[in-house]
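So the chains spell out like this:
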Amino acid sequence: MFSAGNLSIRNLILFLSAIHRLSSKNHTRFVCNSIRPVSGFGSIPGFFVIAHRGASAYAPENTMPAFEKAVELHADMIELDITLSRDKIPVVIHDRFLQRTTNGRGYVQQFTASELHELDAGGWFDRIYKNTKIPMLEDVLRWAADKICLNIEIKKEALTGALVGDITAILADMIHEYGVESQVVVSSFSHKAIKRFRGISSDIPTAMLLKSASSGSVRNIKKMEQLGASGINLSPRQMRESLMNGAAEQKIPVWVYTVDEEDEMMRCILNGCTGIFTNKPDVLSRVASTLLKSQTV
């Protein structure tokens, strides 16, 4: 249980400071989220606990065990990454190359979906996950229907040359085929991908991922609007006061990636974020419910 009794001195100071600021000022955030959790918020109304690549502190990232663990831990959403196989089938994997998270070697897009499916995507994490497969996006959408929301990130690797048209159209078609439009947010660091996806499917919300080189300028709100996106995903260092105030004034959701430490979770919540990507959704849920117990986000 997250409480003052089991915090370190450093975290206790942050905790008490956060409670004081939340109680002495109006930190209530009303935002226009275009998506809601399937079964209601797991920790606090309006605040998204987003399992980064699934509950990837406890199971191999971007695999079904990690996704199932996220549901078990009552995450509100799962973030996952997609790219295209050589035969242009969306597969769920983060890296451009296979080496880090599978027993394969080489560039992901050099292999067909069936070839990728033969690889072990879990043994690197723990032997109990040996022979876990790289998921096909189609299988994840089928599994997630009426179960949990998804934040699907289109990887840059799927956007080379003419592939950008393929990935956005294929993704939109799949989301509609499985009837999960109300459960999905599509995100990307590529502004071209977001704009093109919005042109193909205006009924599925999108979020603009801030590039690492961005300083977190308030001008990003204008960029978001120009792309037709519904929200902004950024890193903790990009939570500049001007951007966060502008987002609050316009009721724009701001989700922060990727935070696993309790003190940083507290700082991000206190600074006005409305969701956090984390590898530890259980930890974030406890922190968020404690800090925002009497707040509405």
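Residues numbered from 1 in each chain as written. Predicted model: local features only at pLDDT ≥ 70, side-chain atom pairs only at ≥ 80, totals over all residues. Heavy atoms only, no water.

Peer 1: Just to check I follow, could you spell out the nonpolar core for this structure?
Peer 2: Within soluble globular proteins, side chains that are nonpolar tend to cluster in buried spots. Judged by nonpolar contacts, the single largest core of 34 residues is most densely connected at Ile78, Leu80, Ile82, Leu137, Leu150, Ile152 and Leu171. Contributions of two or more residues to this core are made by α2 (64-72), β2 (77-84), α4 (137-144), β4 (149-154), α5 (163-177), β5 (184-188) and α6 (191-200). One finds Leu234, Leu243, Cys268 and Val287 within the second-largest nonpolar core, a separate group that totals 32 residues. (Core = buried A, V, L, I, M, F, W, Y, C linked by side-chain atoms within 4.5 Å. Buried < 20%, exposed > 50% of the residue type's maximum accessible area, 1.4 Å probe, protein only. Helix = DSSP H or I, 4+ residues; strand = E, 2+ residues; numbered from the N terminus.)

Peer 1: Can you help me understand the pattern of salt bridges in this one?
Peer 2: Pairing between side chains of opposite charge can happen when the charged atoms of each approach one another. Considering all chains together, one arrives at 10 salt bridges under this definition. One salt bridge connects Glu138 with Arg142, and the closest N-O pair in it is separated by 3.8 Å. In this pair, Glu138 and Arg142 are both assigned in helix α4, four residues apart and thus about one turn of the helix distant. Glu153 is the partner of Lys155 in a salt bridge, and the nearest nitrogen-oxygen pair spans 3.5 Å. Each of the two residues, Lys155 as well as Glu153, counts as buried. Because the salt bridges share partners, they merge into one network encompassing Arg53, Glu61, Asp81, Asp95 and Arg100. (Salt bridge = Lys/Arg side-chain N within 4 Å of Asp/Glu carboxyl O.)

Peer 1: How should the packing of aromatic side chains be read in this particular structure?
Peer 2: Enumeration over the complete set of coordinates arrives at eight aromatic pairs. Aromatic side chains Trp124 and Phe125 sit 5.5 Å apart centroid to centroid with 85° between the ring planes, which places their arrangement in the edge-to-face category. Judged by relative accessible area, Trp124 falls into the partly exposed class, the value being 36%. Taking the relative accessible area as the measure of exposure, Phe125 reaches 29% and is therefore partly exposed. Arranged with centres 6.3 Å apart and planes meeting at 90°, the rings of Phe189 and Tyr257 form a pair that is edge-to-face. Note that Phe189 is positioned in the loop between β5 and α6 and Tyr257 in the loop between β8 (254-256) and α9 (262-270), a separation of 68 residues in sequence. In textbook terms, an aromatic cluster arises when at least three aromatic residues are bridged by ring pairs, as seen for Phe41, Phe48, Trp255 and Phe277. (Phe/Tyr/Trp six-rings, centres within 6.5 Å; stacked < 30°, edge-to-face > 60°.)

Peer 1: Where do I start with a positive patch on the surface in this structure?
Peer 2: A cluster of basic residues, Lys156, Lys211, Arg219, Lys223 and Arg240, forms a positive patch on the protein surface. As for its placement among the helices and strands, Lys223 is situated in helix α7 (residues 219-227). (Patch = residues over 30% accessible without salt bridge, like charges linked within 9 Å, V, L, I, M, F, W, Y side chains within 5 Å. Areas by Shrake-Rupley, 256 points an atom, 1.4 Å probe, with all protein chains shown as cover. Lys, Arg positive; Asp, Glu negative; His and termini not counted. Charge placed at Lys NZ, Arg CZ, Asp CG, Glu CD.)

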